[in-house]
Amino acid sequence: MTTPTTHAGIAQDLEAAFDRIRARLVDPDFLANKGLANEVGFFVFPYDAAREDEVRTRTAELLALSEAGRLPCRIVHRDLWEIFTRICEDHRILDRIPGLEARRGTPALLDRLHKIATPEAFVQAMDYEPHEPGRDVLLITGVGKVYPLVRAHSILENAQHVFENVPVVLFYPGRYDGTQLHLFNSISDGNYYRAFNLL
């Protein structure tokens, strides 16, 4: 297996990076959250946002392997943009967003959306039952699409007690240095110390 090269906490060789992800997904210790020194099994896969289309294609291939039973794990995929639109639909606001922005302005719209699409609401919408420790992996995508409505570190912080028994992998379009997230490699997206860099 080729080791993915990294620069400033970002995968440079996506083929090698996805090979590494697949290797982790067949590792019983990874699936069982073993060897984490009492930390939660949260992992960040940082990548160059300019290669989003390629990451989406490779992610779709990874999900197809899981659905076809060609991996020993079940990947539970959650796209944050899809969750955001569902939250807005549940509050009957999705179709009204353009009109609200036109009448009240972008700051007022964002304030309204922040009250509805809270990190807690996102995590509640991501949850599923039953979790199957040793088999399930939660894969989170869509971080860039929901910025600035919700921040990645807020999602991870609120997900800790909900998904403590299964590995969680956050696909992140930016840099993660082990303590801080940098969205699009330029925006400070908050501190988060409990995740491991998947690469």
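Just above sits the structure.
Structural notes, computed from the coordinates. (Residues numbered from 1 in each chain as written. Predicted model: local features only at pLDDT ≥ 70, side-chain atom pairs only at ≥ 80, totals over all residues. Heavy atoms only, no water.)

In terms of nonpolar packing, the biggest core is built from 42 residues, with Phe42, Phe84, Phe122 and Phe163 touching the most fellow members. At five residues, the largest contribution of residues to this core is made by helix H4 (residues 80-90). Apart from residues lying up to four places away in sequence, Phe84 is in contact with Ile97, Leu113, Ala117, Phe122, Val146 and Leu149. Within the second largest apolar cluster, 22 residues are counted, among which are Phe45, Leu63, Ile75 and Leu139. (Core = buried A, V, L, I, M, F, W, Y, C linked by side-chain atoms within 4.5 Å. Buried < 20%, exposed > 50% of the residue type's maximum accessible area, 1.4 Å probe, protein only. Helix = DSSP H or I, 4+ residues; strand = E, 2+ residues; numbered from the N terminus. Contact = heavy atoms within 4.5 Å.)

It is worth spelling out empty space enclosed by the protein at this point. The gaps left among the atoms become clear once a water-sized probe is rolled over them. If you walk through the whole model with that rule in mind, you get one cavity of 30 Å³ or more. When its volume is computed, the largest cavity comes out at roughly 40 Å³. Around the largest cavity, the lining residues are Ile21, Leu25, Leu62, Ile75, Val137, Leu139, Val169 and Phe171. Mapped by element, the contributors of at least two residues to the lining of the largest cavity are helix H1 (14-25), strand E5 (136-141) and strand E6 (168-176). Classifying every residue of the lining of the largest cavity gives eight nonpolar, no polar and no charged. (1 Å grid on protein atoms, 1.4 Å probe; cavity = no way out; pocket = protein on both sides within 12 Å on 5 of 7 lines; lining within 4 Å. Points joined across faces, edges and corners; volume = space filled by probe spheres on them. Nonpolar A, V, L, I, M, F, W, Y, C, P; charged D, E, K, R; others polar.)

What follows is about the packing of helix H7 (residues 119-126) against helix H9 (residues 152-159). In contact at an axis separation of 9 Å, H7 and H9 are set at 60° when each is read in the N-to-C sense. When the axis of H7 is compared with that of H9, the two are oblique. In this structure, the crossing between H7 and H9 has a hand that is right-handed. Note on element contacts: H9 touches H7 through Ser154, Ile155, Asn158 and Ala159, opposite Pro119, Glu120, Phe122, Val123 and Met126. Class assignment for the residues of the contact of H7 with H9 results in six nonpolar, two polar and one charged. (Axes fitted to C-alpha atoms, helices over the stretch in contact; angles between N-to-C directions. Parallel < 35°, antiparallel > 145°, perpendicular 65-115°, else oblique. Left-handed = near helix turned anticlockwise from the far one by under 90°.)

Function-wise, these values are silent; they only describe arrangement.
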